[in-house]
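# Structural characterization, general
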Amino acid sequence: MNLPEQAMIIEVGPRDGLQNEKSFVPTEIKKEFIGQLKKAGIKEMELTSFVSPKWVPQMKDASEVVEASLGGGRDIVLAPNKKGIQRVYGTSCKAVAVFVGVSSTFNKKNINKTTEEAVTDLEPIISELKEKNYFVRACISTAFYCPYEGKINPESTVSLCQRFVGMGVDELSVADTIGMANPKNSFELFSKLKSSLGEVLLTAHFHDTRKMALANILASLQAGVDRFDASAGGLGGCPFAPGATGNVATEDVVYMLENMGVSTGINLDELVSAIDIVKPHVTRTIETGYYRLAHAIEQ
Ligand code: HMG
Ligand code: MG
């Protein structure tokens, strides 16, 4: 089996994990959660997003969360537009994720712009970020399926990714937004991306709606991917993508990889403690394989 010696987990729990939670998670809890994730060995993490608080009220404390949490790895924040970037400039954060959907219908629902409008607006933003030496990650939503348009042509995903590579982004995070991809889709798309994108960091972002995310990760590993977004406790989902449930759970990905001899540098006991911090504040039941087992063994 084609397996790397190491893989990087990009923790998206504080951002993707919490953005869909209806009740506000106290800022102090978010900070504690992030601190404990770092203690568990997370080296790259999406901390929050500088989006409109009217659209996503959960992220209204972005500046406060960022300033309290920076340090000890690559801390990333999402920003959808110029206003978001100006807010990022007001912090010490040096890594930004922009996001766009391959599907225009999804994009309109998510950021009120078609894909083409969004890409056109992002071009000068990315160029300015690169001039200022920011790390830029581009998150590509609905790379496989769209909740509104159905199956996405893989060529459309590849060509959108190539446009971002042309703009000089450092990383592409390619997402199965509503968890519809199967391992064959994953292997085929990531093989194409690996062969057509050059040296850019390539990350896979799987939601686990149909419980296929771990299988999709295994298929992506076979295609040469060694970077995976994951969310502690399997929390997550985009508020503008109906049907999307949580991200693949960090603890399950770490357990699978470590047991196959792929090192992640993440301590599972410390990771469970991070989930314990946020669990009483979220409405979603946390019942991921490793988390349940960790607590069952304690009893
Ligand atoms: P809009 O309503 O078209 O924006 O929303 P606008 O430019 O017309 O501005 C309207 C108001 O919002 C104005 O305020 C602006 O100042 C304010 P008012 O004058 O009415 O008081 N505004 C902002 N405030 C704070 N921060 C900003 C900002 N921008 C405008 N950045 C907008 C357009 C993009 C703002 C909105 O659609 C939005 O915030 N969308 C965010 C959606 C979101 O967060 N989605 C989830 C993240 S993506 C995701 O989860 C997918 C991913 O995980 C990968 C995958 O799984 O697929 C990454
Ligand atoms: Mg997502």
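Per-chain numbering applies: the sequence of each chain, read as written, is numbered from 1 onward. To label them, take the chains in the order written and letter them from A, then take the ligands in the order written and number them from 1. At least 70 in pLDDT is required for a residue's local features to be given in this predicted model, at least 80 for side-chain atom pairs to be given and counted, and no such filter applies to totals for whole chains, interfaces and linings, which use all residues. Based on all heavy atoms of the structure, the side-chain values leave hydrogens and waters out of the count.

## What about the side chain of serine 231?
The cut-off we apply is this: Counting from the N terminus, the helices are DSSP H or I runs at least four residues long and the strands are E runs at least two residues long. The buried label goes to any residue with under 20% of its type's maximum accessible area, the exposed label to any with over 50%, and the partly exposed label to all in between, with areas taken from a 1.4 Å probe on protein chains only. Any two residues whose heavy atoms approach within 4.5 Å at even a single point are treated as in contact.
Here serine 231 shows up in the loop between β10 (227-230) and α10 (250-259). You can call serine 231 buried: its relative accessible area is 0%. The residues touching serine 231, leaving out its near neighbours within four places in the chain, are Glu11, Val12, Gly13, Gly17, Asn247, Val248, Ala249, Thr250 and Glu251.

## Focus: the coordination of the magnesium ion (ligand 2)
The following threshold applies: Nitrogen, oxygen and sulfur within 2.8 Å of a metal are treated as its donors, or within 3.2 Å for sodium, potassium and calcium (Na, K, Ca); water is not counted, so a site can appear incomplete.
On the protein side, the magnesium ion (ligand 2) has Asp16 (OD), His205 (NE2) and His207 (NE2) as donor atoms, found 2.0 to 2.3 Å from it. Read N to C, the donor residues that coordinate the magnesium ion (ligand 2) are spaced as D-x188-H-x1-H. Of the two residues, aspartate 16 sits in helix α1 (residues 13-19) while histidine 207 sits in the loop between β9 (201-206) and α9 (213-222), which places them 191 residues apart along the sequence. Taken as a pair, aspartate 16 and histidine 207 share a single burial class, namely buried.

## A few points about the site of ligand 1
Heads up, the rule is: For this description, a residue counts as near a given molecule or strand if any of its non-hydrogen atoms is within 4 Å of it. Two N or O atoms form a polar contact when they lie within 3.5 Å of each other; inside protein one atom must be a possible hydrogen donor and the other a possible acceptor, and for residues adjacent in sequence the pair counts only when both atoms belong to side chains. For accessible areas, the Shrake-Rupley method is used with a probe of radius 1.4 Å. Any residue's cover is judged against the shown protein chains and nothing else. Charged residues are taken to be Asp, Glu, Lys and Arg, nonpolar residues to be Ala, Val, Leu, Ile, Met, Phe, Trp, Tyr, Cys and Pro, and polar residues to be all remaining types, Gly included.
The environment of ligand 1 is made up of 27 residues, and the closest members are Gln19, Ser52, Asn112, Ser141 and Thr177. Side-chain polar atom of lysine 83 to an oxygen atom of ligand 1: 3.2 Å apart, as the coordinates give it. Measuring from an oxygen atom of ligand 1, one finds a side-chain N or O atom of histidine 207 at 3.0 Å. Its free accessible area being 1100 Å², ligand 1 has 76% of it covered by the protein chains. At the level of elements, α1, α4 (82-89), α5 (104-111) and β5 (135-141) are the ones that each hand at least two residues to the shell around ligand 1. Residues belonging to the shell around ligand 1 are distributed by class as follows: 12 nonpolar, 10 polar and five charged.

## Some remarks on the sheet that holds strand β1 (residues 8-11)
Note the threshold: By the convention used here, strands pair only if DSSP detects at least 2 bridges between them. Interaxial angle, 0 to 180 degrees, is taken between N-to-C directions of lines fitted to C-alpha atoms, where a helix line uses only the stretch in contact.
Read around the closed barrel, the eight strands follow the order β1-β2-β3-β4-β5-β8-β9-β10; overall the barrel is parallel. Across the sheet, the axes of successive neighbouring strands diverge by a mean angle of 25 degrees, strand direction being ignored. Examined bridge by bridge, strand β4 (residues 95-101) and β5 share seven bridges and lie parallel to one another. What sits directly across from phenylalanine 99, in β5, is cysteine 139. In this fold α9 packs onto β8 (171-176), β9 and β10, with an angle of close to 160 degrees to the strand it touches most, β9. This element, α10, spans β1 and β10 of the sheet and lies at about 175 degrees to β1.

## What about the packing of aromatic side chains?
This is how it is decided: Here a Phe, Tyr or Trp ring, Trp counted by its six-membered ring, pairs with any other such ring whose centre lies within 6.5 Å, and the pair is stacked when the planes are under 30 degrees apart, edge-to-face when over 60, and tilted otherwise.
Within the structure shown, the criterion is met by six aromatic pairs. Between phenylalanine 144 and phenylalanine 190, the aromatic rings sit 6.3 Å apart at their centres with planes inclined by 55 degrees, giving tilted as the arrangement. Of the two residues, phenylalanine 144 sits in the loop between β5 and β6 (145-146) while phenylalanine 190 sits in helix α8 (residues 183-196), which places them 46 residues apart along the sequence. Classification of phenylalanine 190 as buried rests on a relative accessible area of 0%. In this structure an aromatic cluster arises from ring pairing among Phe144, Phe190 and Phe206.

## Structural notes on the nonpolar core
Spelled out, the test is: In plain words, nonpolar cores are sets of buried Ala, Val, Leu, Ile, Met, Phe, Trp, Tyr and Cys residues tied together by side-chain atoms within 4.5 Å.
Residues Ile140, Phe164, Leu172, Val174, Phe190 and Leu193 are the most contacted members of the largest nonpolar core, which totals 103 residues. Among the elements that take part in this core, helix α11 (residues 268-278) stands out by supplying seven residues, more than any other. Once residues within four sequence positions are removed from consideration, leucine 172 is found in contact with Ala138, Ile140, Cys161, Phe164, Val165, Leu197, Val200, Leu201, Leu202 and Thr203.

## What to know about α5
Inclusion rule: What the arc measures is the spread of directions leading from the helix axis to the C-beta atoms.
If you check which residues of α5 are buried, you get Phe106, Asn107, Asn110 and Ile111. Considered in projection along α5, the buried side chains sweep an arc of 100 degrees and stay on one side of the axis. Taken together, the buried residues of α5 touch β4, α6 (115-131), β5 and β6. Positive backbone phi, approximately 65 degrees, marks asparagine 112, located one or two places after α5.

By themselves, these are just geometric observations and shouldn't be taken as functional.
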